[in-house]
Every structure is written in structure tokens, then in C-alpha cells.
Amino acid sequence: MYAGECYKQIGTSGNTEEMKMHEVHKDPFIEELIAITGQDPAQCYQCGKCSAGCPVREFAEDAPNRVVRYVQLGFYDKALQSNTVWLCAGCQTCSGRCPKDFHLAQFMDAMREMGTKRHIVTKEKKTVAFHESFLDQIKWNGRSHEFGMVLEYKLKTMDLFKDVDLVPGMLSRGKLSILPEKIKDGNSVKKLFKEKE
Amino acid sequence: MKIGVFICYCGENIGRTVDCAAVAKATAMLPGVAHSEDYKYMCSDPGQNLIKQAILDKKLDAIVVGSCSPHMHEKTFRKAAAAAGVNPYMVEIVNLREHCSWIHDDIPSATKKAIDLMRIAIEKVKRNDPLTPIRVPVTKRALVIGGGISGIQAALDVANAGYEVVLVEKEPSIGGHMSQLSETFPTLDCSQCILTPRMVEVYQHPKIKLYAYSEVSNVEGFIGNFSVTIRRKARGVRDEVCTGCGLCVQKCPIKKAQNSFEEGMAIRPAMYVPFPQAVPNIPVIDREVCTYYKNGKCQMCKKVCGRDAIDFEQQDTFVTEAIGAIIVATGYKLYTIDKKPENSLIKGYGEYGYGMYKDVVNGLQFERIASASGPTNGEILRPSDKSEPKKIVFIQCVGSRDEAKGFTYCSKICCMYTAKHAMLYKHKVHDGEAYVFYMDIRSGGKMYEEFVRRAIEEDGVKYIRGRVSKIYEDDGKLVVKGEDTIAGMPVTINADMVVLATAMIAQSEAPQLAQMLGVPYDTYGFLQEVHPKLRPVETSTGGIFLAGACHSPRDIPECVAMASAAAAKTMVLFGSDMLEREPVVAKVHADTCAGCFYCQKVCAYSAIERKEIRNRQGELIKTIAYVNEGLCQGCGTCNATCPSKSVELIGFNDEQIFNEILALDEVF
């Protein structure tokens, strides 16, 4: 083999085995994040293209790239407490345009999951309550049940009377059903949740 | 046979884990060994003298040195042996450092391994033959592929040293991308003004033969002895009679062809000279546009030409040149993002709207807009309505450093040329506002950082750190949405014009050329050097050198430096009449070769040829394989493939290898 050929191999995927030998042990938080999303936040080089295209940027406390920065620097609580995590609409514009192919929408989803698990209190209490109420319905019924969700959300936020005047109209037009429609194989969804937890 | 053994401590490198004295003692007992000793630095002058003295005192026939890798000091020890009268190929090097001491830590077992390695080499050296290097003649004539600034510099350097040069350029004129530039950083001197004298010098140089509008179509041979076929594309104009008066260009009625020199921002006739200072100043017919080639009509150029130089029936011709060294200077291409290129690695930049919005231009287009000879005569006017943009946005790293779109590398020149663009804009549009979106500013180079600071501090260009997400048109303005990552604030600029600093990429034909030349190239099509630090202009194929942006993105000063380096390497090659090379090549035994030519099929260097064996009456007895020693690299693939064991690799023949293995027999 001549020298030039040898560089070519190193340049491509030739030395993956060697790479594994030198694997660095990551912080448990980062390891958990990698386990959920399959990607390391160290990948991000902070160009800010995600923030530049983010539709909820102007309502958020921190630019999305800044949340990644907090995680890169180890300020996990600061990142989890940021309302950006909860305001993220999941439109995936950031993921689509990222020059490093970092799936930021997935990262934000993982942050929500990890924040919930750690009982992190953020300013976006209502958003969190909505998030949990929605997921609970999926867990119990296998699909969304609006009435149950509204009920749980209202109990969680104690904002009992907002939009109540809409209920009769929705009921009469069949937009709300009191009892949930269950799916055929509800156990499989419960199993999915169990696996995740 | 009397063999001398020398064990080096390499300071502590070997001595730390291998008991060198014990190795010397053990090897002294082996049959054939007449002398054995150890020393702290065998490569030092006193160390070499030890070897020379031992050879003279004990009349040694061969030596084995246990030291570092043969890459480091094989030459040193061979020279020492030769100085004392031993054939240099009777020297074997055992790599006790990389293969033993550096990779083990247990002293007794490392010492044992060192003794075993020495035993293997001693068994081999017993069967070595004295060899002489192969000598091949050198044709002192260089081929330079590509007539941009790198090719021009390389050609001039080699020619000024007194050697003949053949310069091949695929475009109708030499000059390359540099001829398109307006001004150059960091001095802001006019690109054409410094380039065109060089172009004329090439044209007038008695030692340079210029083939413009030509391509290399075939390369055969090896270092010092290449045979290169060049395809001269048909211009439709006979260059030997054309005076370059330009009347045909003026009179050509078809004036709607895309002007590629102006990056598509102007039109030109079907009969054209790329730019006024073109070298050679001979027009070309664009056969795709000219009506004569469509329906046989017009022939206006033929009617007006006073020299009868127009030849519509002209065909491509082929010339073959004998060449000793090749300098590849094929340059780069700008990443065009309007169309998706054939290379599937590249994805488009739909979010920046290049090709969709007229006022979003790339770096080379802005060069033409800012150039005094360009489509706007040097006035900064935007392409859509020819008005002066009052707010202009420059975006860096478009394509570069963007894994998702296909390039991980930094194009290196964009930081500098963007600063230059912004400066040129501010110098011409005094009341204008210029914004630059960047990720990092990479301005390493003499006076480079100062240049960027000048753009920011003196010319008031506003630099914003952050990548732009999207550009869209709204009410005649280009809305640029970005984020200032330093302030942590979203930024929206309603711009009149946007300039994208797009990546430098390899020429699309680069891989084919590389395959023709036998030169490795990387994933992106950039050609590969032998060693990234110590041999940056040489390729793994002897006699082929690299210059300029065909190797990696680089700016003009670096291209010129690299071209001069490649020229210097060529002159080193031409400095001697004969070339010497290692005699480690394959040899075919004519009496046993059955002529199956399996060896020819597996040879990676096309070194195996067919040879006819005839009797005295001239009748063909058989056709056998024959090794061209100039091409053979001694890899041994033919040796391993031959079913009748008729191929021998000189210096590594079967007897030597088997005895090395047998020496190991005692180990197991």
C-alpha cells in the first residue's frame, strides 16, 4: 500500500475500531441524552442557524442554540428550566437546516422528558400540565381523548372555568365525547410507555 | 558469509524495554554471525563509524541493524555499509523500536522477541544478493495541466530554469479564476493588472508550448518517461493564421449566448474571446449557439475574415508529447447552488434562494460586479433592476463547514474575500450599509487579520456572528433572518442584495484525471499528496506533482508558493540525466512462464507487458509476461498470483521469505 492510499482510509471510516478504543466517558446527563436521542450535543458548533429560523424564538427566554450551549457547558438545570424547552413547537425547521445534522427538535423533546422525570419547575407550568395531560390520555386510552384531557388539565392548573361556555356547543355538535374511545390493542401502548419509563 | 549485527538503544526508546546487550550477546552465537555489538545511538557519526570499522576489521559481507523503522535510517546504514565496501542491499534493518520496544512493557519477553526478530533478518540476509539500483533516463520536459495562476507560475519557473514546458488549458484562454477577480486581498491591487503580464510572459516564452482550449486525454509511462496525448479541441478558427483582429467577434449576429466569464450576468456573441486580455487572443465558435452548426446559415465571420482563418469543418486533433514530469494545477470550481450537481453528496441551499432571487449572487458574481471590466463597469449595481443596493448582506460559510449539505471542510479564502467584498462595497457606495454573517473569522496570514479589522473598524462593516436561516422576498426586499449569537438576539435585515460566500469545490473532472494519472484523491475530489507535512506537493506516483487549489482550497499567495515548490521538485528531477530507483521489482522467469497473464490482470501499476519469444527463423514460440522495471512498484501481487511460480520479487524472493518463516520455527 502506498502512503496516499493510507491517508484516504484514515480520512473515511477506516479507523472506527480505533475510535472506540479511545471513547471518552461522558457525564451521566449527557449519556442519558445520547441514549434517548442518539446524538451528542457536543456536535453543535453554535452557528445559530436554528435560532435564526425558529418561529417561537421571540417568545422564548433563550435562543434554542443557547439551550444547547448550557448543556454543552454542564448547566443542566439552567437548560431544563428554560422556557424554550417547553415553547418548542416541534416544527423541525432547525433540524432541517442544521449544517451539522443535529436534530434539535428531538433534543428539545428529550429535554422535556428529562425535565419531567427530574420534577424541574419552570415558568411554563401550563405547558407542562398540557403536555402531561395529553400523554396521560395516550397512555390510558391509546389515543387522544379530549374530554379527559381537558378535565385533567383543568384540575392540574386549577383554572376551572376558562372556556367552559364552549362546552355545550361542542357537545351538541359531537366534538366532545364523555367516554373515551379505546383502541383495540390498548396493552401494546401501555407496554410502550412502560418500556420508556 | 560473515554477518555483522548492530543493536541500537535509540537513547531510551529501545533500551528501556529491550535488553540490548543481551540481544547482541544472543545473536553473536547464531551461525554466520561474525561480529555483534550494541551502541546507544547507532545512527550517530560514531555509531556509523562502528559499523564501518567492523566491516573493515572483520571483512563482513552483510550487516543486520536492529534499530528504528527503515523509513527513518535505512538510507543512513546503507550508505555507511557502502562506504566500507559492502553492497547496500546486503543491509537489513530490524525495526526494534516500533515493532517491539514501543509496543511492549515486559523486559524479558520484549528482549526475547527482539532476538527472534534479529534471527529472522539474519536468515534473510544470508540469502540476499548484491543488487544495483535501476537506472532510467529522464526526458527533461514538463507538462503543466491547467493554466490558472498556479499553472502559469509553475510553467514560468520550470521554463526559466531552462527546461521545456508544455502547458495545457481547457478554456480558450489561460488565466483561470484569477482573471475574473476584481481586486485581491490584503492589498486591494487589481487582479488583472498583476496577472496579465504573467500570461503574456507565458505566451512569449521560447521554452513554453501553450495548448489552450485543449485537454489531456491519455497518459502513459512512468517517472521521467511519460507519453501524454493532448486533445486540441476544434476552435473553428485556424490559430496559425488568425491575427486576433476581432472583426468576426464584432460582426457575429448571434449575440445571445450566456457569458460564462461574466458568470452568466452578461451575454456574448457565438464567436467570442472570453475577455479582452485573453491569451492567446484567438476567438472560438460556440457550436451550441452558432446558427451555422444548426442550419448551415450565416457564415458572417467567414465573410469578414481577411485572413480566411475560419474553418467550420475543423475537427479535434490529437498530439502526443514526450514528458518527464507532470505538474497538476487544475484548480477549483465554485459550488453552484441553483442546480443540484451530479455529485449526489451535495444538497442545495433552497433556504437562501440562489437562482430563485436575482439579487442573491455568489462570490465570483460579486467579483465581476465590482470589477472595472465587468458587466456594470465596476459600479455596484444589483442584477435585477440595475439599481445601487443601499443595504447589502454577505453570508459566509455557504456550503463550507456544512456536513448536512456535503462539505465538512473550511474553504479558507471566504473570510478574506468577504471582508474584501464588504470593503469594496463601502468604498463605492458611501451611504450603504454592509452586514456580514459569519461563524468564525479565519484570517491567518500576513496582514490578513489587520485587513479584516480594517473592514470592521475603518469601513464600518457590521459583522454579526450567526448563520442565516432563511432568505425570502417581501415587497421588493430580500428579508434575511438571522440570529446574533453574541447578543442572543434575533436579527432581521431587509436587504437590497445578498452575496453568498460559497464553497470552493474540486473540479468535476478531477477524479477522472486522477485515475488517468494514478494519483489518489479524497472524498471531495481533491488530489492527495504523499505526506501532509513533509511532502506536500508530491503524489504517490513518481514524477507527478501538485500545485494550487486542485489539492485543497487555498488563496493566490499559497497557490503561487505551491506552484513554485512543484516547479522546484520538477527541476530536482531534471537535474540528473538518469534516475536511480530501488531494484526491488518483479522479474519473470522466461523458461517457466506459461503465458497465462494472471499477473497482468492483477497488476495495479500496468507494469506487466507481453513479450514474444521467437526462434532464429523468426517463428513465434510463445508469448510471455515481461515486467517494465520503470513502472513496477515491487508490491509482489504478481508474485503471489503466478500459478507456476515464475515471477520472482527481487530482494524478497520465495527462498528468502520461507527461510524467514523457518527461522521462526524455533520459536514455536
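These numbers come from a predicted model, not from an experiment.

Here we take up helix H12 (residues 448-457) of chain B. Residue and element names in this part refer to chain B. Along H12, the positions that sit buried rather than exposed are Tyr 448, Phe 451, Val 452 and Ala 455. Here the buried residues of H12 occupy an arc of 95 degrees about the axis, which is enough to place them on one side. Tucked inside the fold, the buried residues of H12 contact helix H11 (414-428), strand E23 (462-465) and helix H14 (556-574).

What follows covers the pairing of strand E12 (residues 225-232) of chain B. Every regular strand shows the same layout, with side chains that alternate between the two sheet faces. Residues and elements named next belong to chain B. Where strand E11 (residues 214-222) meets E12, eight bridges bridge the pair, whose relative direction is antiparallel. Note that in E12 the partner of Glu 215 across the bridge is Arg 231. Taken together, E11 and the strand that follows it, E12, pair antiparallel across an intervening segment of two residues, in which Gly 224 is found at a positive phi of about 80 degrees. In the sheet, E12 pairs with strand E17 (residues 317-323) via seven bridges, with the strands oriented antiparallel. Each residue of the ladder has a partner; that of Ile 230, found in E17, is Val 319.

The next thing to look at is the nonpolar core. Side chains of nonpolar character tend, in soluble globular proteins, to be buried together. All names here are of chain B. Grouped together as the largest cluster of nonpolar side chains are 99 residues, with contacts concentrated most on Phe 366 and Phe 394. If we ignore the near neighbours within four places in the chain, the residues touching Phe 394 are Phe 366, Thr 418, His 421, Ala 422, Tyr 425, Ala 434, Tyr 435, Val 436, Phe 437 and Val 499. Judged by nonpolar contacts, the second largest core, of 39 residues, contains Val 5, Val 86, Val 94 and Met 118.

All names here are of chain B. Inspection of the entire model under this criterion finds 18 aromatic pairs over all chains. With a centroid separation of 6.1 Å and 70 degrees between ring planes, the pair formed by Tyr 293 and Phe 312 is classed as edge-to-face. Taken together, the residues Tyr 293 in helix H8 (residues 292-295) and Phe 312 in the loop between helix H9 (300-304) and E17 connect sequence positions 19 residues apart. Given the relative accessible area of 5%, Phe 312 is considered buried.

For the rest of this paragraph, the subject is the packing of helix H10 (residues 125-141) of chain A against helix H11 (residues 146-157) of chain A. Residues and elements named next belong to chain A. Axis separation between H10 and H11 bottoms out at 9 Å; the angle between their running directions is 145 degrees. As H10 runs across H11, the sense of the crossing is right-handed. Between H10 and H11, the residues in contact are Lys 126, Ala 129, Phe 130, Glu 132, Ser 133, Phe 134, Asp 136, Gln 137 and Trp 140 and Gly 148, Met 149, Glu 152, Tyr 153, Lys 156 and Thr 157, respectively. Of the residues assigned to the contact of H10 with H11, the class counts are six nonpolar, four polar and five charged.

With that out of the way, let us pick up the sheet that holds strand E27 (residues 497-502) of chain B. All names here are of chain B. One open sheet accounts for five strands, arranged E20-E27-E21-E22-E23; its pairing is parallel. The sheet terminates laterally at strand E20 (360-362) and E23, the two strands that pair on one side only. In this sheet, neighbouring strand axes are inclined to one another by 25 degrees on average, regardless of whether the strands run parallel or antiparallel. One ladder, built from three bridges, connects E20 with E27; its direction is parallel. Counted as the bridge partner of Asn 362 is Leu 500 from E27. Across the sheet, helix H10 (residues 363-370) is in contact with E20, strand E21 (391-398) and E27; its angle to E20 comes to roughly 95 degrees.

Turning to the packing of helix H2 (residues 45-58) of chain B against helix H3 (residues 70-83) of chain B, a few remarks are in order. Residues and elements named next belong to chain B. In contact at an axis separation of 9 Å, H2 and H3 are set at 35 degrees when each is read in the N-to-C sense. The chirality of how H2 crosses H3 is right-handed. Packed against H2, whose contacting residues are Gln 48, Ile 51, Lys 52 and Ile 55, the element H3 presents Thr 76, Phe 77, Ala 80, Ala 81 and Ala 83 at the interface. Along the lines of polarity and charge, the residues of the contact of H2 with H3 split into six nonpolar, two polar and one charged.

You'll often see interface size given as the accessible area lost when the parts meet. Across the contact, 24 residues belong to chain A and 33 residues belong to chain B. A combined buried area of about 2,200 Å² lies between chain A and chain B, and 50% of that area is made up of carbon and sulfur atoms. Remark: the boundary between chain A and chain B carries three salt bridges. When the shortest N-O distance is used, the salt bridge between A:Lys100 and B:Glu403 registers 2.6 Å. At the level of elements, helix H1 (3-11), helix H4 (49-53) and helix H5 (64-73) of chain A are the ones that each hand at least two residues to the side of chain A that touches chain B. With five residues, H1(A) is the single largest residue contributor to the side of chain A that touches chain B. When grouped by side-chain class, the residues that make up the side of chain A that touches chain B number nine nonpolar, seven polar and eight charged.

Residues and elements named next belong to chain B. The tally for this structure, following the rule as stated, stands at one disulfide over all chains. The disulfide that involves Cys 190 links it to Cys 193, with 2.4 Å between the sulfurs. One disulfide, between Cys 190 and Cys 193, carries an S-S torsion of 85 degrees and so falls in the right-handed class. Residue classification places Cys 190 among the partly exposed positions, given a relative accessible area of 27%. Looking at Cys 635, it has no disulfide partner, and the nearest cysteine sulfur is the one in Cys 638, 6.2 Å off. Accessibility expressed as a relative area gives 46% for Cys 635, which makes it partly exposed.

What follows concerns the pattern of salt bridges. All names here are of chain A. This structure, assessed with the given rule, holds 49 salt bridges over all chains. Across the pair Glu 152 and Lys 156 runs a salt bridge whose closest N-O atoms are separated by 3.0 Å. Of this pair, Glu 152 and Lys 156 both sit in helix H11, four residues apart, which is roughly one turn of the helix. In this structure Glu 152 comes out as buried when scored by relative accessible area, which is 13%. Of the residues examined, Lys 156 reaches a relative accessible area of 40% and is grouped as partly exposed. One network of salt bridges, in which partners are shared, links Glu 132, Asp 136, Glu 152 and Lys 156.

Further remarks concern the domain arrangement of chain B. Each assigned domain of chain B is listed here: domain 1 (3-126), domain 2 (141-331 + 515-574), domain 3 (332-505) and domain 4 (586-650). Summarising the inter-unit geometry, the C-alpha centres of domain 1 of chain B and domain 4 of chain B are found 36 Å apart.

This part takes up the sheet that holds strand E25 (residues 477-484) of chain B. All names here are of chain B. Judged by pairing direction, the sheet is antiparallel, and its three strands sit side by side in the order E24-E25-E26 without closing on themselves. Looking at strand neighbours, the two that pair on one side only are strand E24 (470-474) and strand E26 (489-495), the edges of this open sheet. Along the sheet, successive strands turn relative to each other by an average axial angle of 25 degrees, direction set aside.

This next bit is on a nonpolar patch on the surface. Residue and element names in this part refer to chain A. Nonpolar side chains collect at one region of the surface, where Leu 155, Met 158, Leu 160, Phe 161 and Val 164 lie side by side and expose about 540 Å² of accessible area between them. With respect to the helices and strands, the residue Leu 155 is situated in helix H11. Relative accessible area serves as the criterion here: at 58%, Leu 155 is assigned to the exposed category.

Attention now goes to the confidence of the model for chain A. Residues at a pLDDT of 70 or more form 87% of chain A, whose mean pLDDT is 83. Ignoring residues within four places in sequence, the model shows residues 1-22 of chain A, a span with pLDDT below 50, making 20 contacts including any to other chains.

Procedures and definitions
Here the residue index of a chain counts from 1 through its sequence in written order. Written order determines the labels here, with chains lettered from A and ligands numbered from 1. Only residues with pLDDT of at least 70 get local features here, since the model is predicted, and only at 80 or more are side-chain atom pairs given and counted; chain-wide, interface and lining totals rely on the full set of residues. Side-chain numbers come from the whole structure's heavy atoms, not from hydrogens or water. For every residue, the accessible area (1.4 Å probe, protein chains only) is compared with the maximum for its type, and the residue is labelled buried under 20%, exposed over 50%, or partly exposed between those bounds. Comment: elements are numbered from the N terminus, with helices defined as DSSP H or I runs of at least four residues and strands as E runs of at least two. It is the directions from the helix axis to the C-beta atoms whose arc is reported. Contacts are residue-level and defined by heavy atoms, with any inter-residue pair within 4.5 Å sufficient. DSSP-based pairing: two strands are paired if at least 2 bridges between them are found. We define a nonpolar core as any set of buried Ala, Val, Leu, Ile, Met, Phe, Trp, Tyr and Cys residues linked to one another through side-chain atoms lying within 4.5 Å. When the centres of two rings from Phe, Tyr and Trp lie within 6.5 Å, Trp using its six-membered ring, the rings pair. Their planes under 30 degrees apart give stacked, over 60 give edge-to-face, and anything left gives tilted. Comment: axis = line fitted to C-alpha atoms, over the contacting stretch for helices; angle = value between 0 and 180 degrees taken between N-to-C directions. Here a crossing is called left-handed whenever its near helix is offset anticlockwise from the far helix by less than a right angle, and right-handed whenever the offset is clockwise. Following the grouping adopted for this structure description, the nonpolar residues are Ala, Val, Leu, Ile, Met, Phe, Trp, Tyr, Cys and Pro, the charged ones are Asp, Glu, Lys and Arg, and the polar ones are all others, Gly among them. Two parts lose some accessible area (1.4 Å probe) when they are put together, and adding that loss for both gives the buried area. Here, a salt bridge means any Lys or Arg side-chain nitrogen found within 4 Å of an Asp or Glu carboxyl oxygen. In what follows, a disulfide is any cysteine sulfur pair within 2.5 Å. Domain borders in the structure are assigned automatically or taken from a domain database. Candidate patch residues must exceed 30% relative accessible area and have no salt bridge, after which like charges are joined if within 9 Å and Val, Leu, Ile, Met, Phe, Trp or Tyr side chains if within 5 Å. Where accessible areas are quoted, they stem from the Shrake-Rupley method and a 1.4 Å probe; at the residue level, only the protein chains shown are allowed to cover. Here pLDDT means the predictor's own confidence in every residue, given as a number from 0 to 100.

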